[in-house]
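Chain residues, written in single-letter form:
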Amino acid sequence: MFRWPTELQQLPEAIWQRLSNACGDITDPLRLPALATVSGVAPAIRTVVLRNADSSQRTLTFFSDSRAQKIAELAANPQIAFLFFDPRDQTQIRASGVATIHRMDAVSVSEWNQLPDSSRLNYSTEMAPGTPIPTPDQNPTDTSGCAHFAVVIANIHHIEWLQLSSPFHHRAEVVFESGQWRGRWIAP
Ligand SMILES: Cc1cc2nc3c(=O)[nH]c(=O)nc-3n(C[C@H](O)[C@H](O)[C@H](O)COP(=O)(O)O)c2cc1C
């Protein structure tokens, strides 16, 4: 089990380390965050696979189909939030920031080139995500390569960490300002 620091100064690095670990472990609950966007004036939320957590760039990355509703929402409003929860140690992490969408550029092509064919299929359907189809299995493969593949890189500026434990729950807010992460304990 991950050992969370008791010192506030060590918390930002530990959070990034924990998220980075999750990307490489398909059994890790933090690999599947809920991702929130703004859809008009309403919230929209869904599960994604966390592909990368880069502490030096302060970025979280996921992949999507560029025709997905979430991509349209992020194009209209790049504000983004991730919710992570690990039931094994009762830890919740909320991270928010601003997203950049990469499609048919050096970033997306580089990621596409590293994807196995089985994963490429997820971004190669003929019908766009959300299109009504007559039967559940009916969506043949498109042949347009990575045309519909999107890489979303979120620049994170605010993180909130909460761990439920006995006798006290612990909660901290971590904000990136003036070139560094600053943390403070807050009431759970
Ligand atoms: C376990 C799991 C992992 C998923 N991973 C992704 C992902 O990495 N990227 C993605 O676009 N959708 C992913 N999805 C599908 C989304 O949750 C969502 O249903 C779909 O993308 C449509 O969302 P949207 O209409 O808001 O764009 C995943 C779903 C599940 C259940």
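Look above for the structure.
Just so we're clear, the structure is a prediction, and the values are computed from it rather than from any experiment.

Caption draft 1: Molecular detail of the overall build of the protein. In terms of regular secondary structure, the protein is built from 4 helices and 9 strands. Taken from the N to the C terminus, the helices and strands of the protein come in the order α-β-β-β-β-α-β-β-α-α-β-β-β. What you see for the protein is a C-alpha radius of gyration of 18 Å, in line with the 16 Å of a compact globule of 188 residues. Out of the 188 residues belonging to the protein, those deemed buried represent 39%. Taking the contacts inside the protein whose residues are at least 6 apart along the sequence as the reference set, 57% of them involve residues at least 24 apart. When the accessible area of the protein is evaluated, it comes to approximately 10,300 Å², of which 53% is carbon and sulfur surface. For the protein, the distance from the average position of its 15 positive side-chain charges to the average position of its 18 negative side-chain charges is 4 Å.

Caption draft 2: Representation of the pattern of salt bridges in the model. Per the counting criterion, the structure on display carries 11 salt bridges. R88 is paired through a salt bridge with D28; the nearest N and O atoms lie 3.6 Å apart. Here D28 lies in the loop between helix 1 (11–23) and strand 1 (34–39) and R88 lies in the loop between strand 5 (79–86) and strand 6 (91–103), a separation of 60 residues in the sequence. Taking the relative accessible area as the measure of exposure, R88 reaches 45% and is therefore partly exposed. Ionic pairing is found between R184 and E173, a salt bridge with its closest N-O pair at 2.7 Å. With a gap of 11 residues between them, R184 in strand 9 (residues 180–185) and E173 in strand 8 (residues 170–177) connect regions that are remote in the sequence. A relative accessible area of 17% places E173 in the buried class.

Caption draft 3: Structural view of the site of the ligand. All residues adjacent to the ligand are L32, R46, T47, V48, V49, F63, S64, A68, Q69 and K70. In the environment of the ligand, an oxygen atom lies 2.7 Å from a nitrogen or oxygen atom belonging to the side chain of S64. The side chain of K70 places a nitrogen or oxygen atom 2.5 Å from an oxygen atom of the ligand. Contact with the protein chains hides 58% of the accessible area of the ligand, taken as 610 Å² for the molecule alone. Elements that contribute at least two residues to the shell around the ligand include exactly strand 2 (42–47), strand 4 (59–65) and helix 2 (69–76). Residues of the shell around the ligand, tallied by class, amount to 5 nonpolar, 3 polar and 2 charged.

Caption draft 4: Layout of the packing of aromatic side chains. The full count for this structure, using the stated rule, is 9 aromatic pairs. Ring-pair connections join several aromatic residues into one group, and the members of that group are F63, W112, Y123 and F149. One residue, R58, lies across the ring of F176, its end atom 3.7 Å from the ring centre.

Caption draft 5: Representation of the layout of surface pockets in the model. Each pocket or cavity is described by its volume, and for the largest pocket that value is around 190 Å³. In terms of lining residues, the largest pocket is bounded by 13 residues, among which F63, S64, D65, N122 and Y123 are the most central. No other element matches strand 4, which puts 3 residues into the lining of the largest pocket. Looking at side-chain class alone, the lining of the largest pocket contains 6 nonpolar, 5 polar and 2 charged residues.

Caption draft 6: Broad picture of unusual backbone geometry. Cis geometry is adopted by the peptide bond preceding P167, which originates at S166 and carries an omega value of 5°. One can find P167 in the loop between strand 7 (149–163) and strand 8. Backbone geometry at R58 places phi at a positive 60°, although glycine is not the residue there. Located in the positive-phi region is Q90, a residue other than glycine, with phi close to 55°. On the secondary structure map, Q90 appears in the loop between strand 5 and strand 6.

Reading the values: rules and limits
- Residues numbered from 1 in each chain as written.
- Predicted model: local features only at pLDDT ≥ 70, side-chain atom pairs only at ≥ 80, totals over all residues.
- Heavy atoms only, no water.
- Helix = DSSP H or I, 4+ residues; strand = E, 2+ residues; numbered from the N terminus.
- Rg over C-alpha atoms; globule rule 2.2 N^0.38 Å.
- Buried < 20%, exposed > 50% of the residue type's maximum accessible area, 1.4 Å probe, protein only.
- Contact = heavy atoms within 4.5 Å.
- Areas by Shrake-Rupley, 256 points an atom, 1.4 Å probe, with all protein chains shown as cover.
- Lys, Arg positive; Asp, Glu negative; His and termini not counted.
- Charge placed at Lys NZ, Arg CZ, Asp CG, Glu CD.
- Salt bridge = Lys/Arg side-chain N within 4 Å of Asp/Glu carboxyl O.
- Near = heavy atom within 4 Å.
- Polar contact = N/O pair within 3.5 Å; in protein donor to acceptor, adjacent residues only side chain to side chain.
- Nonpolar A, V, L, I, M, F, W, Y, C, P; charged D, E, K, R; others polar.
- Phe/Tyr/Trp six-rings, centres within 6.5 Å; stacked < 30°, edge-to-face > 60°.
- Lys NZ or Arg CZ within 6 Å of the ring centre and 35° of its normal.
- 1 Å grid on protein atoms, 1.4 Å probe; cavity = no way out; pocket = protein on both sides within 12 Å on 5 of 7 lines; lining within 4 Å.
- Points joined across faces, edges and corners; volume = space filled by probe spheres on them.

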